[in-house]
Every structure is written in C-alpha cells, then in structure tokens.
Amino acid sequence: MADDIFKKLVAHSKEYGFVFQSSEIYDGLGAVYDYGQNGVELKNNIKKYWWDSMVKLHENVVGLDSAIFMHPTIWKASGHVDAFNDPLIDNKDSKKRYRADVLIEEALAKLEGKMDKEVDKAKKRFGDSFDEKQFRETNPRVMANQEKWNALHKRFADALNDSNLEELKQIIIDEEVVCPISGSKNWTDVRQFNLMFSTEMGSTAEGANTIYLRPETAQGIFVNYLNVQKTGRMKLPFGIAQIGKAFRNEIVARQFIFRMREFEQMEMQFFVKPGTELDWFKKWKETRISWHRALGFGDENYRFHEHEKLAHYANAAVDVEYKFPFGFKEVEGIHSRTNFDLTQHQEFSGKKIQYFDPELGESYVPYVVETSIGVDRMFLQVMAASYFEEELTDNKGQKDIRVVLRLPAALAPVKLAVMPLIKKDGLPEKAREIIDALKFDFNCMYDEKDSIGKRYRRMDAIGTPFCVTVDHQTAEDNTVTIRYRDTMEQDRVEISKLTEIMENAVSMKPLFAKLK
RNA sequence: GCGGGAGUAGCUCAGCUGAUAGAGCAUUAGCCUUCCAAGCUAAGGGUCGCGGGUUUGAAUCCCGUCUCCCGCUCCA
C-alpha cells in the first residue's frame, strides 16, 4: 500500500521532470540522481527557505561556502580516515565477513607457530646448551619456513602499501586460507570499505596527493571557524551556515534519493560557551521542528528520535523524523558535538582555535551544536507530503482521478501559469503580455495546447498554485480568471492586481512568521 | 554483500510453451472552441537494459553483466 504510493511518487518525479536517474542512457549510475527542470526549482526553493530562515533571520548566524576538496589531514583529525578503512572479504558459503589483513596475519602466525614448535622440540632435546639463534639459522625446516614467512610478509606488506586488493585476495588463495566456520575457500573479492571517495590532486604522478571528496560539509565550517569569527567580529554564541555537496561511498544506497552517494547538506554549526551546549541543543531542537511544521504538512507526521548510542564526538543527539510512505525516517539531525572537532583541528594543525571570552577574561575552545539536514531527503519529504490522488466526480457523474502536488506556494517550481482560453482572437497575445509583466518576479509558464481542463491538470501535477486564464471578457475589461490549485475554484480579478496577489501568495514570510 | 522480484515507446503495462513488436495515456502538426482529463484527422517514437551463447530463426531459452525494487546484513 504505502509502497505503492512510493512507486507512484518515483514515477511521477520522473514523468514531470523532477528527478531523473543519473546517466540513464548508459544504464544509470548506482544511487546517483539528477534533478530535472521542475526538481531544480523546487530544490532551490527549499534551500532558500532554509538559508533565509538561518542566515537572514538570525543576526548571529552567517553563511559560508567552503570547497569540497580539503587538506587530507582534516579527515584524519575528524576521525573519518580511521573510522572505516578496512579491506574486507566475504566467505560465500558461511556468508561471514572478515578483514582480509587479519586473515593473512593469521596465516603468518601459523608459520611462526610451526617454527616455534621446531625450536621447542630442539630446546627439550639439547637442554641448557641450546643456542636458539644458531638453531634457527641452521635448521633446514625452520629455515624453509622462515623463508616462506619472509616472502609472505614482504608480499603482504607490499600489497597493503599499494592497497592492492587483488594481491590480498591472491595471497589468501595461495595460502589456502579457509573460513573457520564453513571450512571453504570460496571467497569473494577483497573490497576496501572506505566511506570516502578519493582522488588525486596534482597532475604528475610523483607530485600527486590523495585527497578525499568531503563526506560531510561540517569540517569546512570548523576549519574556517577562526576566519569567520575574526573577520566577522563574531561573539559567542554564533553560528555558521553552509549548503553544499557531500559524498559517501555507501555500501547499501537505497530508497530513491533518500540515500545517495552524492548528496547535498544544509548544515549550521553553532558555537557556544562550554556548559551551555545542552541548553542550546534544546533551543535549536525547537527551532528546527518549527521550521518543518511551518510547511503545514501536519504536526503528527513529525517526531523526534533521541539517540541512545552517541557518536564519539557527541554528548546529545536527536533526529527529526518524518512519516514517509515507507515509515518514519530521519530528515534532520541535531547534535551536540562538544568541542571534539575544534580540539582535534587544534591538535592536528598546531594552531590555536579558541575564543577569548571578554566576560570571563579567558580563552577556551567553544562547544558546538549542529543542525544538519539533507536537502535531498527534504526534497523527497516535501514531494511525499504533497502528492495526492483525488477522486473527483464531474457533472455527468463520471469518476476521475486528479493527481495534485499540494506544494506550499513558496516552494512550488512554477508559481503561475497563464493561458488563453482558446488560441485565437488575440487571446494568446494577451496572455503573453501578462507573462512579460510578471516573469521577472515569478516563475511563469505559458500553455495553449489542449482543453483548458487538461491544462489545469498538467499544472496540478507539478504543483503550480495559480492558473490565470485569458478569455473574451479580458479584452473588454482587463480582467482574468485566477484558478486555485487546491480548491479548483476561481475568481475574476483585474490584471493590474495580479502582482500584488502573487506577491502575497508565494512569499516565504508567512512561513517565517511561524518559526520559533 | 547475500537472497528474492523486475527491466519491452516519455509513463503504465500486454506479448502463454521461440517465427513481421502491441495497447492506453503522453508527444507533435492540423481542424474544432468548450473554464476543469479522455472531440476529429494525421504523424513521430522501441536494434525489447547491455554483451555473449543455443537455434534456420530469440523480447521469449541459457550464461554473464548493469540498473531498479523488497527483505536481510552492514553502517552513520
């Protein structure tokens, strides 16, 4: 049932130019998607709603746009390099997963065991006069094993050094390593499980450095903390907001645009005095939920999910979850990140990252409260919340399904469609005149093809909140009809009033008024 | 990653056990003019995901591969 709606939503997103699979004509690229002509408008509007609510509405929050490429040491400091960087291999029979390097180390240990056994035996035989070093260097069986060990060890070290995964697998095959559970040698390829994408910077092979595509935008804010604080003369508490792309090489990326390998984040890091972070955490929690609720998708569809297990950097964490067709899922996270990140960067960079508190007369590393929302998840949430299939009955008693995207007007990709009732008698020209007057302020669309009812439905499908129709009366008194997407009702209004009507209707101000 | 299902026109799908690729909607052009889809006429659009194999002949059978969906697993 719910699944059905989700499928329809995916199909609708494609059919009406919201979301396309990346590289579709080449069979697609896993978990990467493109935004189409309507999708990009909706996405931009979502970003604007967030950006303005953060940066414009808060005197002490400023923006930033940091680069995707960053110094590789940043990811050591943040913990991303060590956190998840192992060569893994699966046994196809037991379906158990092992670290390939550990399996090889065990093979090495086995050889060591063999040699030790020989040594022990000899020790017993010769007693006190036994010279272990000499024995090891002369006994043919020990020497053979030592040679094997040396060769294997070198091969292993080289493979690790070059991150040569094929070689690691070959070692496991050559050493006839078996799975302790299934006892089989039926292995998958060795895969490097690193959530970060890497690339080379520098055009010559010798001079090239491995750098990573950022797996989160937050670090770009932390490393610019001093720049912004000093040049902006910012006083604690203050925040830095950023919207940008991040990349994660997910093992399992699923559910349409919910979990993608390339995605966009809207993050705000709020720097506070140590000891006050939990109060601010609470405050931002309320602010953020009110931002979601202001869109009018129903308060009951949102809930908080408090984290019990906390990440290494956090002392409090909560998710804002929305009731998707496939269940309650996270759209935003609010985390109290303590002073972990700034302290780490202070250590790794050797630069002091502190704030001089004029009240206390002393310096400290600020604590951080983060709000982090996925643009793409938010996009999916808005689509899911707006998609309706309405059953209508026309005056002949015929049943009919109307697909309508009840997008908040401020977010709608197209704000206004202007169309001539029929495409002659000067009506098209008049319609274009109206568009020319409005197109700089509102995203408008012209349509003259097919019956007026059909054109209204097309606009419903992409969530256009208003349709203006030019008819024969327009030439007489300069009025048009304006038809509302949600009620399907219409009013007759003067052309000269359209700008004002539209301005009020598509403004984000009413949304902002509801924010805490 | 494992298991299951799927991939045929822009969308939704039909095409049974091998023999010249279909429908509805959508699109384009023309006619008609009518404020809530489905009026008339015509047209365009698919080497049936891709590669290989079996066969006189493959959308259909076999193998591989890619992508999507569901479940499990993994992870923040």
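Residues numbered from 1 in each chain as written. Chains lettered and ligands numbered in written order. Predicted model: local features only at pLDDT ≥ 70, side-chain atom pairs only at ≥ 80, totals over all residues. Heavy atoms only, no water.

Peer 1: So what about the overall build of chain A? Which residues, and what values?
Peer 2: Scanning chain A from terminus to terminus reveals 18 helices and 23 strands. Over its C-alpha trace chain A gives a radius of gyration of 31 Å, far above what one expects of a compact globule, namely 24 Å for 516 residues. In terms of overall dimensions, chain A has C-alpha extents of about 120 × 65 × 50 Å along its principal axes. Within chain A, residue pairs in contact and separated by at least 24 positions form 64% of the contacts whose partners lie at least 6 positions apart. For chain A, the computed accessible surface area is about 26800 Å², with 49% contributed by carbon and sulfur atoms. Between the mean site of the 74 positive side-chain charges and the mean site of the 82 negative ones, chain A shows a separation of 2 Å. (Helix = DSSP H or I, 4+ residues; strand = E, 2+ residues; numbered from the N terminus. Rg over C-alpha atoms; globule rule 2.2 N^0.38 Å. Contact = heavy atoms within 4.5 Å. Areas by Shrake-Rupley, 256 points an atom, 1.4 Å probe, with all protein chains shown as cover. Lys, Arg positive; Asp, Glu negative; His and termini not counted. Charge placed at Lys NZ, Arg CZ, Asp CG, Glu CD.)

Peer 1: Quick rundown of the environment of K169? Include the residues and the values.
Peer 2: Note on placement: K169 falls in helix 8 (residues 165-174). Assessed through its relative accessible area of 17%, K169 is described here as buried. Distance from K169 to P366, taken between C-alpha atoms, is 47 Å for residues 197 residues apart in sequence. Setting aside residues no more than four positions away along its own chain, K169 makes contact with I89, W187, T188, D189 and V190. (Buried < 20%, exposed > 50% of the residue type's maximum accessible area, 1.4 Å probe, protein only.)

Peer 1: Can you explain the pattern of salt bridges? Please cite residues and give values.
Peer 2: In total, this model carries 31 salt bridges according to the counting rule given. Salt bridges linked by common partners bring E390, R402, R406, D460, R483, R485 and D486 together as one network. (Salt bridge = Lys/Arg side-chain N within 4 Å of Asp/Glu carboxyl O.)

Peer 1: Quick rundown of the nonpolar core? Include the residues and the values.
Peer 2: Counting 66 residues, the largest nonpolar core has L42, Y49, W50 and F379 as its most contacted members. By residue number, the principal contributor to this core is helix 13 (residues 375-386), which donates eight residues. What F379 contacts, discounting residues up to four positions off in sequence, is F18, V19, Y35, G39, L42, K43, I46 and I257. (Core = buried A, V, L, I, M, F, W, Y, C linked by side-chain atoms within 4.5 Å.)

Peer 1: Which residues make up the protein's contact with RNA strand B, and what values do they have?
Peer 2: What surrounds RNA strand B is a group of 39 residues, the closest being K14, D400, Y456, M488 and Q490. Near-protein atoms of RNA strand B (within 4 Å) split between backbone and bases, with sugar and phosphate holding 61%. Contact distances for RNA strand B include 2.9 Å between a phosphate oxygen and a side-chain N or O atom of R458. Take D471: an N or O atom from its side chain is 2.8 Å from a base nitrogen of RNA strand B. Looking at the surface near RNA strand B, the element that brings in the most residues is helix 15 (residues 452-462), giving six residues. Considered class by class, the residues forming the surface near RNA strand B number 10 nonpolar, 10 polar and 19 charged. (Near = heavy atom within 4 Å. Polar contact = N/O pair within 3.5 Å; in protein donor to acceptor, adjacent residues only side chain to side chain. Nonpolar A, V, L, I, M, F, W, Y, C, P; charged D, E, K, R; others polar.)

Peer 1: Any details on the sheet that holds strand 9 (residues 238-247)? Residues and values, ideally.
Peer 2: Note: strands within a sheet are paired through backbone hydrogen bonds, in either parallel or antiparallel orientation. One open sheet holds the seven strands; their spatial order is 3-9-10-16-13-12-11, and the pairing between them is mixed. Of all the strands in the sheet, the pair left with one neighbour each is strand 3 (61-64) and strand 11 (302-306). Ignoring which end each strand starts from, the neighbouring axes of this sheet average 25° apart. Here strand 11 runs beside strand 12 (residues 316-324); their pairing, made up of five bridges, is antiparallel. (Pairing = 2+ DSSP bridges. Axes fitted to C-alpha atoms, helices over the stretch in contact; angles between N-to-C directions.)

Peer 1: How would you sum up the environment of K110? Please name residues and give values.
Peer 2: Following the sequence through the fold, K110 ends up in helix 5 (residues 100-126). The class of K110 is exposed, set by a relative accessible area of 65%.

Peer 1: Just give me the short version of the packing of helix 5 against helix 8, but keep the residues and values in it.
Peer 2: One way to put it is that helix 5 packs onto helix 8 with a least axis distance of 10 Å and a crossing angle of 40°. Judged on the interaxial angle alone, helix 8 and helix 5 are oblique. In this structure, the crossing between helix 5 and helix 8 has a hand that is left-handed. From helix 5, A100, L103 and I104 reach across to helix 8, where they touch L168, I171 and I172. Of the residues belonging to the contact of helix 5 with helix 8, the class tally is six nonpolar, no polar and no charged. (Parallel < 35°, antiparallel > 145°, perpendicular 65-115°, else oblique. Left-handed = near helix turned anticlockwise from the far one by under 90°.)

Peer 1: A description of the packing of aromatic side chains should follow, citing residues and the corresponding values.
Peer 2: Applying the stated criterion across every chain yields a total of 16 aromatic pairs. With a centroid separation of 4.8 Å and 75° between ring planes, the pair formed by Y35 and F379 is classed as edge-to-face. Note that Y35 is positioned in strand 2 (residues 33-35) and F379 in helix 13, a separation of 344 residues in sequence. Across the pair, exposure class does not vary: Y35 and F379 are buried alike. (Phe/Tyr/Trp six-rings, centres within 6.5 Å; stacked < 30°, edge-to-face > 60°.)

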